[in-house]
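# Structural overview for review
Residues per chain are reported as follows:
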Amino acid sequence: MKVLVIGATGGSGRAAVSALLDRGHDVTALVRNPDTAELFGTSDTAELFGTSDTAELFGTSDTAELFGTSDTAESFGTSDTAGSSGDRVTVVTGDAVRDSDVERAVHGQEAVVVTLGIRENPVRVRLRGPARTPLDVRSRGTRTVVDAMRRHGVRRLIVQTSYGTGPTRDRLPARYRLMFRALLGPQIADTERQDALVRSSDLDWTIVQPVNLTDGDDAEATVSDGDVSSWAIPRRAVGRVLADLVDRPEYARATVAVS
């Protein structure tokens, strides 16, 4: 299957690309900066908060991300398919919020995976706004993708959002609700808009809501309609879920929690 990944240079996006390749799919990766194409096959990883001490304030691991609200760059270097991935990955330079770029990338695809986020310090984003990415990149980018998919007749859409938004909003523990409001308020509000526009589309969508994303040891993911087995999940496990859902039509128009 021909699959386009939007947000392919982030941690979840790269994990999804790797998992898609493992399953034999032909992958197109939309990247904003052509220089980031060189990251495919490197071992460059950024931390969410810049220091592990700050991350631990929220009880998360050193490079933990909070419910998929941002995504660090992660390499395919640890994947068995890293050496040959270039043969089946087409890198397209473009911006997810620019209609013409997304139109070009969506053409000829059979499914699209969206893992958009802001890869910047969340404290700085909260206080000053993002420096390199629109604050509403999730909703704007996803709207652009949905519109292009409709025009090209592409039906299957997988969108990673965040546990604690949409139908799982009321399942979030109090400490995370406080963190969402204080630290991630504007980003969560945009994720809610993203969730709503996906649900209102007539596509065969599945919304994937991971808990805290980590660079920890790999583990099997638990997929449910809202219950969680833990509050942290490795990106590789989420990437496999995203890839598996591409050709699982029984999950169309469903939301799954990943923990």
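Residues numbered from 1 in each chain as written. Predicted model: local features only at pLDDT ≥ 70, side-chain atom pairs only at ≥ 80, totals over all residues. Heavy atoms only, no water.

## A look at a positive patch on the surface
Rules: Only residues above 30% relative accessible area that lack a salt bridge enter a patch, with like-charged residues linked at up to 9 Å and the nonpolar side chains Val, Leu, Ile, Met, Phe, Trp and Tyr linked at up to 5 Å. With residues, only the protein chains shown are counted as cover, and all accessible areas are computed by Shrake-Rupley using a 1.4 Å probe. Salt bridge, as used here: a side-chain nitrogen of Lys or Arg that lies within 4 Å of a carboxyl oxygen of Asp or Glu. By the counting scheme adopted, Arg and Lys are positive, Glu and Asp are negative, and His together with the chain ends is not counted. To locate a charge, the coordinates of NZ of Lys, CZ of Arg, CG of Asp or CD of Glu are taken. When accessible area is computed with a 1.4 Å probe and restricted to protein chains, residues below 20% of their type maximum are described as buried, those above 50% as exposed, and intermediate ones as partly exposed.
A cluster of basic residues, Arg-32, Arg-119, Arg-124, Arg-128 and Arg-132, forms a positive patch at the surface. Note on Arg-132: relative accessible area 53%, which makes it exposed.

## Focus on the packing of helix H3 (residues 99-106) against helix H5 (residues 137-152)
Here is the rule we go by: Angles run from 0 to 180 degrees between N-to-C directions of axes, and those axes are lines fitted to C-alpha atoms, restricted for helices to the stretch in contact. Secondary structure elements are taken from DSSP: a helix is a run of H or I of four residues or more, a strand is a run of E of two residues or more, and numbering for both begins at the N terminus. Reported orientations rely on four angle classes, namely roughly parallel under 35 degrees, roughly antiparallel over 145, roughly perpendicular from 65 to 115, and oblique for the rest. Crossings are sorted by hand: turned counterclockwise from the far helix by less than a right angle, the near helix makes the crossing left-handed, and turned clockwise it makes it right-handed. Residue contacts are counted whenever heavy atoms from the two residues lie within 4.5 Å of one another. When residues are sorted by character, Ala, Val, Leu, Ile, Met, Phe, Trp, Tyr, Cys and Pro go into the nonpolar class, Asp, Glu, Lys and Arg into the charged class, and all the rest, Gly among them, into the polar class.
With their axes 9 Å apart at the nearest point, H3 and H5 run at an angle of 50 degrees to one another. Overall, the two elements H3 and H5 adopt an arrangement that is oblique. H5 is crossed by H3, and the crossing has right-handed handedness. Where H3 abuts H5, its residues Asp-99, Val-102, Glu-103 and Val-106 lie against Thr-144, Val-145, Ala-148, Met-149, Arg-151 and His-152. When its residues are assigned to classes, the contact of H3 with H5 shows 5 nonpolar, 2 polar and 3 charged.

## Points about the packing of H5 against helix H7 (residues 185-200)
Relative to each other, H5 and H7 sit at 15 degrees, their axes nearing to 7 Å. On the basis of their axis angle, the class for H5 and H7 is roughly parallel. Regarding H5 and H7, the two cross each other, and that crossing is right-handed. Residues Val-137, Arg-138, Ser-139, Thr-142, Arg-143, Val-146 and Arg-150 of H5 pack against Gln-187, Asp-190, Thr-191, Arg-193, Gln-194, Leu-197, Val-198 and Ser-200 of H7. Counted by class, the contact of H5 with H7 contains 4 nonpolar, 6 polar and 5 charged residues.

## Brief notes about the packing of aromatic side chains
Quick note on the threshold: Aromatic pairs are defined between Phe, Tyr and Trp rings, using the six-membered ring for Trp, whenever the two ring centres lie within 6.5 Å; interplanar angles under 30 degrees are classed as stacked, those over 60 as edge-to-face, and all others as tilted.
On inspection of all chains with the given rule, the structure shows 2 aromatic pairs. Ring geometry for Tyr-163 against Trp-231: centres 5.7 Å apart, planes inclined by 75 degrees, an arrangement best described as edge-to-face. Here the residue Tyr-163 occupies a position in the loop between strand E5 (156-160) and helix H6 (174-182), and Trp-231 occupies one in the loop between strand E8 (223-224) and strand E9 (232-234), the gap between them amounting to 68 residues. Judged by its relative accessible area of 2%, Tyr-163 is buried. For Trp-231, a relative accessible area of 27% gives the class partly exposed. With 5.5 Å between their ring centres and 40 degrees between their planes, Tyr-176 and Trp-231 make a pair best called tilted.

## A look at the environment of Asp-190
Considering the arrangement of structural elements, one finds Asp-190 in helix H7. Residue contacts for Asp-190: discarding those within four places in its chain leaves Leu-135, Asp-136, Val-137, Arg-138 and Ser-139.

## A few points about the environment of Ala-19
Tracing the backbone shows Ala-19 in helix H1 (residues 11-22). Residue classification places Ala-19 among the buried residues on the basis of a relative accessible area of 3%. For the pair Ala-19 and Val-238, spaced 219 residues apart in sequence, the C-alpha separation works out to 9.5 Å. Filtering out sequence-adjacent residues up to four positions away, Ala-19 remains in contact with Gly-239, Arg-240 and Ala-243.

## Focus on the pairing of E5
Applicable threshold: We call two strands paired when DSSP finds no fewer than two bridges between them.
Most of E5 is tucked away: 5 of the 5 residues are buried. Every second residue of E5 is oriented toward a common face, with Arg-156, Ile-158 and Gln-160 on one face and Leu-157 and Val-159 on the other, all of them buried. Two elements, strand E4 (residues 111-114) and E5, share 4 bridges in a ladder whose sense is parallel. Within E5, the residue paired with Val-114 across the bridge is Val-159.

## Quick notes on the side chain of Gln-109
Heads up, the rule is: N or O atoms closer than or at 3.5 Å make up a polar contact, with two conditions inside protein: a donor-capable atom paired with an acceptor-capable one, and, for residues adjacent in sequence, both atoms drawn from side chains.
As for its position among the elements, Gln-109 is in the loop between H3 and E4. Polar side-chain contacts of Gln-109 include one of 3.4 Å to the backbone nitrogen of Val-3. Ignoring sequence-local partners within four residues, the contact set of Gln-109 consists of Lys-2, Val-3, Leu-4, Thr-28 and Val-154.

## A few points about the sheet that holds strand E10 (residues 254-258)
Taken in spatial order, the 8 strands make up an open sheet running E3-E2-E1-E4-E5-E6-E10-E8, and their pairing is mixed. Two strands in the sheet have a free side with no partner beyond their single neighbour: strand E3 (89-93) and E8. With 2 bridges joining them, E8 and E10 adopt antiparallel strand pairing. Opposite Val-223, over in E10, you have Val-258 as the bridge partner.

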